[in-house]
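Observations on the three-dimensional arrangement
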Amino acid sequence: MNYLSKLSIENFRGILAEQEVSFAQPNGNKGSGLTILVGPNNVGKSTVVEALRSVVSPPGMMDRRERHIDRPIRITIRDTANGYREITNPGLGASIAHSGNAHPNIDRLRYIPSRRSWAHRTNIHNIISKDYWAQRATNSRNEDAHLISRLNSFPPEEKVAYQQALRELVPQLLDWKIEYSDGSTYLEYVTINGGTHTADLFGEGIASLFRIVLALYDPEESFVVIDEPELSLHPQAQKRLAKYISTKARERQIVLCTHSPHFLSWGDLAAGAAIYRLRQDRYGIQVNRLSQNTIASLGKLSDDWQKPQLLDAVAKEVFFADEVLFLEGQEDVSLIGRFIEAENAPSVQLFGYGTGGSTNIISFLSMATDLKISCGAIFDRTSKSDYERARAIFPNVFLELLPTDDIRDKPGTAERQEVEGIFDRKGVIKPQFRETLVAILQEFRAYFDEASRP
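In this report, the structure presented in the accompanying data block is examined. (Residues numbered from 1 in each chain as written. Predicted model: local features only at pLDDT ≥ 70, side-chain atom pairs only at ≥ 80, totals over all residues. Heavy atoms only, no water.)

Things to note about the overall build of the protein chain
Counting its regular elements, the protein chain contains 13 helices and 20 strands. With the C-alpha coordinates aligned to their principal axes, the bounding extent of the protein chain is approximately 80 × 65 × 40 Å. Positive and negative side-chain charges in the protein chain, numbering 53 and 58 respectively, have mean positions lying 2 Å apart. (Helix = DSSP H or I, 4+ residues; strand = E, 2+ residues; numbered from the N terminus. Lys, Arg positive; Asp, Glu negative; His and termini not counted. Charge placed at Lys NZ, Arg CZ, Asp CG, Glu CD.)

So this is what it looks like as structure tokens:
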């Protein structure tokens, strides 16, 4: 099977110096073909997608807003059969030259944009898959005028298979069919309570799933790009869709641009999925990938069934953060978070429910540094060896050691002496440590502010 291997982008929109995306390769395991683009708003995820679309279907002219007057655009894709395709503007003007013939061709690209408006009626009664997707690849920003026509082209057995896929994601949708009235075709659907309705009553989420499932269902070899699959879907629907996409990525390459932690799975990453975080600085858009070594390190934490919170949806929000402060445990996050609110102390972004212990902090620091997320960590005094090790590995990361053995006082037991914390047993800050903790938070706030300056 010939797959897409790499996309290189230079001097296109907000990207200046060459940036690369190496696409995940399907290997038969769930999620293995997934490439996921994350990051805050307006950092270039759509730029990567538009670069891919441009090189798959080279335009004759490139809009002035997408070029730089003194440097040529260069966008290149390569496939696993050593094919390539490249576009550039040799005279620095609008005219685009292209060369090569890499996979995928335009009729193999399945692109689902974030704007998913579609016509509920059409007088074009049928359109085959190849023509439908080629039309969507070159005209994705306008209303989809041909979805009804594409669905109407299904032979009976394909329609049944497509409906089965839809039912996985929309259990309340019992059935659908294409109807004809007043010279136009339209979609009519039946809900589980027996009600019959026309598709103009669809919510945005269900309408979106019709198009996403179509892109993933089409049996032809294809390369699927979905921009913001989570739009208009409630959390449970997002989780169902994420699992469905993971299954489809066993033998198909799928690119997701997302703001939702529900589409990030440690199982998918362990299977071979790739995750890139985009950010923007004075040198333009930067694209950074989570390394395989870090994925392997974090993957070990997913096997700890006693600490499911370490890698849950709240923890995965770190992929969308500009900064993060790692703490050892749940109590650290709770007590310091409450202290910040109660004392109006400097606010910093705390990680999830803690890292599950000082020995895990290095794995999480590796994740943040791979993705160029500004990060820091606080260790208990009893974790000094882990603190020193982290300092040696991450010399440019700000780390702090508490002046006490734990975050909170703990009673003595037969196996250990009483443990001193900066909070008492009830979680109240001790007066002698109030200014110490404020000073630590001020230092981290200053550190993060300095890191965010252009």
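Things to note about the pattern of salt bridges
Pairing is possible between side chains that carry opposite charge, provided their charged atoms lie close to one another. Inspection of the entire model under this criterion finds 23 salt bridges. Salt-bridge contacts for Asp 175 lead to Lys 159; the nearest nitrogen and oxygen are separated by 2.9 Å. In this pair, Asp 175 is assigned in strand E9 (residues 173–181) and Lys 159 in helix H4 (residues 156–169), connecting sequence segments 16 residues apart. Among the residues examined, Asp 175 registers a relative accessible area of 32% and is labelled partly exposed. (Salt bridge = Lys/Arg side-chain N within 4 Å of Asp/Glu carboxyl O. Buried < 20%, exposed > 50% of the residue type's maximum accessible area, 1.4 Å probe, protein only.)

Quick notes on unusual backbone geometry
For residues besides glycine, phi is generally negative; the peptide bonds are generally trans as well. Of note in the backbone geometry, Asn 11 takes a positive phi value of approximately 60 degrees without being a glycine. Examined against the element boundaries, Asn 11 turns out to sit in the loop between strand E1 (4–10) and strand E2 (19–22). A relative accessible area of 5% places Asn 11 in the buried class. In this structure, Arg 13 is a non-glycine residue whose phi angle is positive, near 50 degrees.

Re the sheet that holds strand E17 (residues 374–379)
One open sheet holds the three strands; their spatial order is E16-E17-E18, and the pairing between them is parallel. At either margin of the open sheet sits one strand with a lone partner, and together these are strand E16 (323–326) and strand E18 (398–401). Mean inter-strand twist for the sheet, computed between neighbouring axes without regard to direction, equals 15 degrees. One ladder, built from four bridges, connects E17 with E18; its direction is parallel. Residue pairing in the sheet places Gly 376 in a bridge with Phe 398 of E18. The strands that helix H12 (residues 384–393) touches are E17 and E18; relative to E18, the one it contacts most, it runs at about 165 degrees. Of the strands in this sheet, E16, E17 and E18 are in contact with helix H13 (residues 431–452), which crosses E17 at around 160 degrees. (Pairing = 2+ DSSP bridges. Axes fitted to C-alpha atoms, helices over the stretch in contact; angles between N-to-C directions. Contact = heavy atoms within 4.5 Å.)

Some words on the pairing of strand E12 (residues 223–227)
With respect to burial, E12 is a largely interior element, five of its five residues being buried. Of the two faces of E12, the one lined by Phe 223, Val 225 and Asp 227 and the one lined by Val 224 and Ile 226 are each fully buried. Summarising the sheet, strand E7 (residues 109–112) and E12 pair through four bridges and their orientation is parallel. Bridge pairing in E12 links Ile 112 to Ile 226. Alignment of E12 against strand E13 (residues 253–257), held across five bridges, turns out to be parallel. Paired with Phe 223 across the bridge in E13 is Gln 253. Taking the sense of rotation as the criterion, the β-α-β connection linking E12, helix H6 (residues 235–248) and E13 turns out right-handed. (Right-handed = clockwise from strand over helix to strand, strands pointing away.)

Section: a positive patch on the surface
The grouping of Lys 30, Lys 239, Lys 243 and Arg 250 at the surface amounts to a positive patch. Structurally, Arg 250 can be placed in the loop between H6 and E13. Judged by relative accessible area, Arg 250 falls into the partly exposed class, the value being 34%. (Patch = residues over 30% accessible without salt bridge, like charges linked within 9 Å, V, L, I, M, F, W, Y side chains within 5 Å. Areas by Shrake-Rupley, 256 points an atom, 1.4 Å probe, with all protein chains shown as cover.)

Here's the deal with the sheet that holds E1
Hydrogen bonding along the main chain pairs the strands of a sheet, whether they run parallel or antiparallel. The five strands lie next to each other as E2-E1-E4-E5-E6, forming an open sheet whose pairing is antiparallel. One side of each edge strand has no neighbouring strand; the edge strands of this open sheet are E2 and strand E6 (97–100). Across the sheet, the mean angle separating the axes of adjacent strands is 10 degrees when strand polarity is ignored. Relative to E2, E1 runs antiparallel, the two sharing four bridges. Residue pairing across strands places Lys 6 opposite Ser 22, the latter belonging to E2.

Brief notes about the packing of aromatic side chains
In this description, a pair of aromatic rings is defined by centroid distance and the angle of the planes. This structure, assessed with the given rule, holds 18 aromatic pairs. Ring-pair connections join several aromatic residues into one group, and the members of that group are Phe 154, Tyr 162, Trp 176, Phe 210 and Tyr 217. Positioned over the ring face of Tyr 186 is Arg 121, at 4.3 Å from the centre of the ring. Sitting over the ring of Trp 176, Lys 159 keeps its end group 4.7 Å from the ring centre. (Phe/Tyr/Trp six-rings, centres within 6.5 Å; stacked < 30°, edge-to-face > 60°. Lys NZ or Arg CZ within 6 Å of the ring centre and 35° of its normal.)

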